[in-house]
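Each chain is listed here by its residues.
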Amino acid sequence: MAEKAESRAVELDIHGKKRVFDIDDPKLPDWIENKAFGSDDYPYDKKLDNKDYEKTLKLLQIELVKVQFWQQKTGTRIMTVFEGRDAAGKGGAIHATMSYMNPRSARVVALTKPTETELGQWYFQRYVSTFPTAGEFVLFDRSWYNRAGVEPVMGFCKPEQYEKFLKETPRFEKMITSEGIHLFKFWLNIGREMQLKRFHDRRHDPLKVWKLSPMDIAALNKWDDYTEKRDRMLKETHTDHAPWTVIRANDKRRARINLIRHILKTLDYEGKDKKVIGDIDDKIVGAGLGFVK
């Protein structure tokens, strides 16, 4: 007789109330379903209309193609760092940004865990080797900021390594921007119920189940730990030369549109159509720690 699978139900403290969440149960609990979209005091009550989203996104992607032509002409280097909790929508935002870019001069960097050799190197070394050359647009799906979040929360680095990182990073990024590289740092922020909903969606979608990692399960009851590390990171590494742009991402469509708009409005590229780019939604986009409070 087959053994019964071990339950992965966990007790969570959700806004001061004890809740049981079983990710293997096909039915999403009502307390998640009803609160997910509005969690974290999200300012809208429904998603951006899909037709409006697709139309706007296409126009912005045309502008991104112009950016690449400008980069090739001028040798401009661009780096975008995508950070956020698990299931915040980093992968989808990266895909929307580079879907129509020339892959010969635009690439995604998504490093796996460090090798034994890399563990013996200067912490930033393996990231530096992936930086853009002239005319390149590089998108980081997570970055050196692993040391500001997942590593200290999950015990993958020592406390002194964590403190050293927070002290060194502003200086490290000053070197990047002083070199003339455009550096964008995005933190995609989602509410807790939205994260649980997206985890549940991944678990029960055969096309997305690969996205759900054991690390996600292990981190289910570490929300407050991650919040503390996020706030410290934003406080210590939000600088004039390398500011954090916070994107409220419960609605992936609004998040992607406004993220791309921010990039386009910042760059002074040839053929820029300001009317097409439009205005950034200040309910969705903000700067630094103050915008997540």
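Residues numbered from 1 in each chain as written. Predicted model: local features only at pLDDT ≥ 70, side-chain atom pairs only at ≥ 80, totals over all residues. Heavy atoms only, no water.

Asks: Would you explain the pattern of salt bridges in this entry?
Replies: Side chains that carry opposite charge are capable of pairing whenever their charged atoms lie near each other. The tally for this structure, following the rule as stated, stands at 20 salt bridges. Measuring nitrogen to oxygen at the nearest pair gives 2.8 Å for the salt bridge that ties glutamate 63 to lysine 66. A residue pair is termed a helical-turn pair when its members lie 3 or 4 positions apart in one helix, as glutamate 63 and lysine 66 do in helix α2 (residues 50–74) at 3 residues. Of the charged contacts, one joins glutamate 270 and lysine 73 as a salt bridge, the two residues approaching to 2.9 Å between their closest N and O atoms. Here lysine 73 lies in helix α2 and glutamate 270 lies in the loop between α11 (252–266) and α12 (274–277), a separation of 197 residues in the sequence. One salt-bridge network, held together by shared partners, links Arg8, Asp24 and Arg203. (Salt bridge = Lys/Arg side-chain N within 4 Å of Asp/Glu carboxyl O. Helix = DSSP H or I, 4+ residues; strand = E, 2+ residues; numbered from the N terminus.)

Asks: It is not clear to me how unusual backbone geometry should be interpreted in this structure. Could you clarify?
Replies: Keep in mind that most residues, glycine aside, have a negative phi and that most peptide bonds are trans. For histidine 15, which is not glycine, the phi dihedral falls at a positive 55°. Exposure remark for histidine 15: the relative accessible area of 67% places this residue in the exposed category. A positive phi angle is found at aspartate 40, which is not glycine, with a value near 60°. Along the chain, aspartate 40 falls in the loop between α1 (30–33) and α2. A residue is classified by how much of its surface remains accessible, and aspartate 40, at 33% relative accessible area, is partly exposed. (Buried < 20%, exposed > 50% of the residue type's maximum accessible area, 1.4 Å probe, protein only.)

Asks: Please explain helix α3 (residues 90–98) as it appears in this structure.
Replies: Helical geometry note: an α-helix holds 3.6 residues per turn, so side chains three or four residues apart project in the same direction. Lys90, Ala93, Ile94, Ala96, Thr97 and Met98 are the residues of α3 that are buried. The inward-facing, buried residues of α3 contact α2, β3 (78–84), β4 (106–109), β5 (137–141), β6 (182–189) and α11. (Contact = heavy atoms within 4.5 Å.)

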